[in-house]
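Descriptive structure summary
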Amino acid sequence: MNAVETLKLIGRPNAYYPRLAKPLGGVGPAVLFSQLFYWQDKATSNLGVYKTRDELEDETGLTHNEQRTAIKKLCEKGVLIVTEKRLEHKTFYKIDNEKVNQVLSDFANAITQSSRQIKNRHPDLYNVNAETTTKSSSLYQENTTKITAETTTENTTDIIADKPQNPKRACQLPDEFKPNEHHRDIAINENVNLDNEFVKFKDYCLANGKKYIDWNAAFNNWLRNAGKYQKFSQSNKPKFMTLAERNRAVLESMRS
């Protein structure tokens, strides 16, 4: 049996969206995103799609290390929400559709803006005078040197002008800020009350004059810390002992 016949027996190939490679950070993230996106409408949990690393490797060909790298990049972009149920030994993956729209829109705008800048920098690129071809070699070199110097100066000026003049700064809690679906998912995963934690978070920030650049990320950290504190408190809660148990403990300590 030759290689082609073997490929036919293996099954159909899995496709992905090649144009997502650049905005999502590479081919690996694009392949993993496309596969998880395919399974989104087939998920039975509000937390998203349940997949093991071995299943993802069979479906995408990505090794465990490649999956970790791809997941990290997708989470950094904000398009993927990963929920680990450690007691159940399950990992759920959920696509944040709103964030996907934002990432792709920003990428498209950046490409459009870049194309416009290139066009504006070289408006006469295709308007070549036919008489120029008949000039001598020395005049051609002189013009080339002049054009190169002008282009370099123009590009340098454009690069300086393109730098952001008003970088995003930290601000106090906006009046319209409220929990979103991402916050709700984190609260469910951490087993904390979202509404109660939001009231505590809001009071703390206002009382201490806190300022953040990204208030969504700040509230994400608050919810995760609340979950850790709750688990710590439960694990260190003193155990109730009956009278007989206390007497037995006293006798054991006296014997030792």
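A brief structural summary.

Rules behind the numbers
Here the residue index of a chain counts from 1 through its sequence in written order. Two thresholds apply to this predicted model, a pLDDT of at least 70 for residue-level local features and 80 or more for giving and counting side-chain atom pairs, whereas whole-chain, interface and lining totals are computed over all residues. With hydrogens and water excluded, all non-hydrogen atoms of the structure serve as input to the side-chain values. Should DSSP find at least two bridges between two strands, the strands are taken to pair. In DSSP terms, a helix is any run of H or I states spanning at least four residues, a strand is any run of E spanning at least two, and both are numbered starting from the N terminus. Contact definition: two residues touch when any of their heavy atoms are within 4.5 Å. Lines fitted to the C-alpha atoms define the axes, with helices restricted to the stretch that makes contact. Angles between their N-to-C directions range from 0 to 180 degrees. A patch consists of residues whose relative accessible area exceeds 30% and which take part in no salt bridge; residues with like charges are grouped when within 9 Å of each other, and nonpolar side chains (Val, Leu, Ile, Met, Phe, Trp, Tyr) when within 5 Å. Each accessible area value is a Shrake-Rupley result obtained with a 1.4 Å probe; residue values ignore everything except the protein chains displayed when judging cover. Put simply, a salt bridge is a Lys or Arg side-chain nitrogen that is within 4 Å of an Asp or Glu carboxyl oxygen. Two residue types count as positive, namely Lys and Arg, and two as negative, namely Asp and Glu; His and chain ends fall outside the count. Working definition for charges: the position is that of NZ of Lys, CZ of Arg, CG of Asp or CD of Glu. Any residue under 20% of the maximum accessible area for its type is buried, any over 50% is exposed, and the rest in between are partly exposed; the area is computed with a 1.4 Å probe on protein chains only. Side-chain atoms alone can form a polar contact between residues adjacent in sequence; in general such a contact is a pair of N or O atoms within 3.5 Å, and within protein one must be able to donate a hydrogen while the other accepts it.

A word on the sheet that holds strand β3 (residues 90-95). Strand order in the open sheet made by the 3 strands is β1-β3-β2, with antiparallel pairing throughout. Across the chains shown, the open sheet's two edge strands, defined by having one partner strand only, are β1 (49-50) and β2 (80-85). Bridging between β1 and β3 involves 2 bridges; their strand directions are antiparallel. Across the sheet, Tyr 50 pairs through a bridge with Phe 92, a residue of β3. Seen against the sheet, helix α5 (residues 64-77) touches β2 and β3 and runs at an angle of roughly 120 degrees to β2. In the packing of helix α8 (residues 181-190) onto the sheet, the strands contacted are β2 and β3, and the crossing angle to β2 comes to about 10 degrees.

Our next topic: a negative patch on the surface. A cluster of acidic residues, Asp 54, Glu 55, Glu 57, Asp 58 and Glu 66, forms a negative patch at the surface. Among the elements that make up the negative patch, the one with the highest residue count is helix α4 (residues 53-60) (4 residues). Under the relative-accessibility criterion, Asp 58 is labelled exposed at 68%.

What follows concerns the pairing of β3. Where β2 lies against β3, 6 bridges are found, and the strand directions are antiparallel. The residue of β3 that forms the bridge with Val 82 is Tyr 93. Between β2 and β3, which follow one another and run antiparallel, lie 4 residues, and His 89 among them has a positive phi close to 55 degrees.

Moving on, we come to the pattern of salt bridges. Inspection of the entire model under this criterion finds 6 salt bridges. Between Asp 41 and Lys 42 there is a salt bridge, with the nearest N and O atoms lying 3.3 Å from each other. Overall, the relative accessible area of 40% leaves Lys 42 in the partly exposed class. Residues Lys 51 and Glu 59 are paired through a salt bridge, measuring 2.6 Å at the closest nitrogen-oxygen approach. Judged by its relative accessible area of 8%, Lys 51 falls in the buried class.

Here Thr 60 is to be found in helix α4. A polar side-chain atom of Thr 60 sits 2.6 Å from the main-chain carbonyl oxygen of Leu 56. Polar contacts involving the side chain of Thr 60 include one to the main-chain amide nitrogen of Leu 62, which spans 3.2 Å. Not counting residues up to four positions away in its chain, the partners in contact with Thr 60 are Asn 14, Val 31 and Gln 35.

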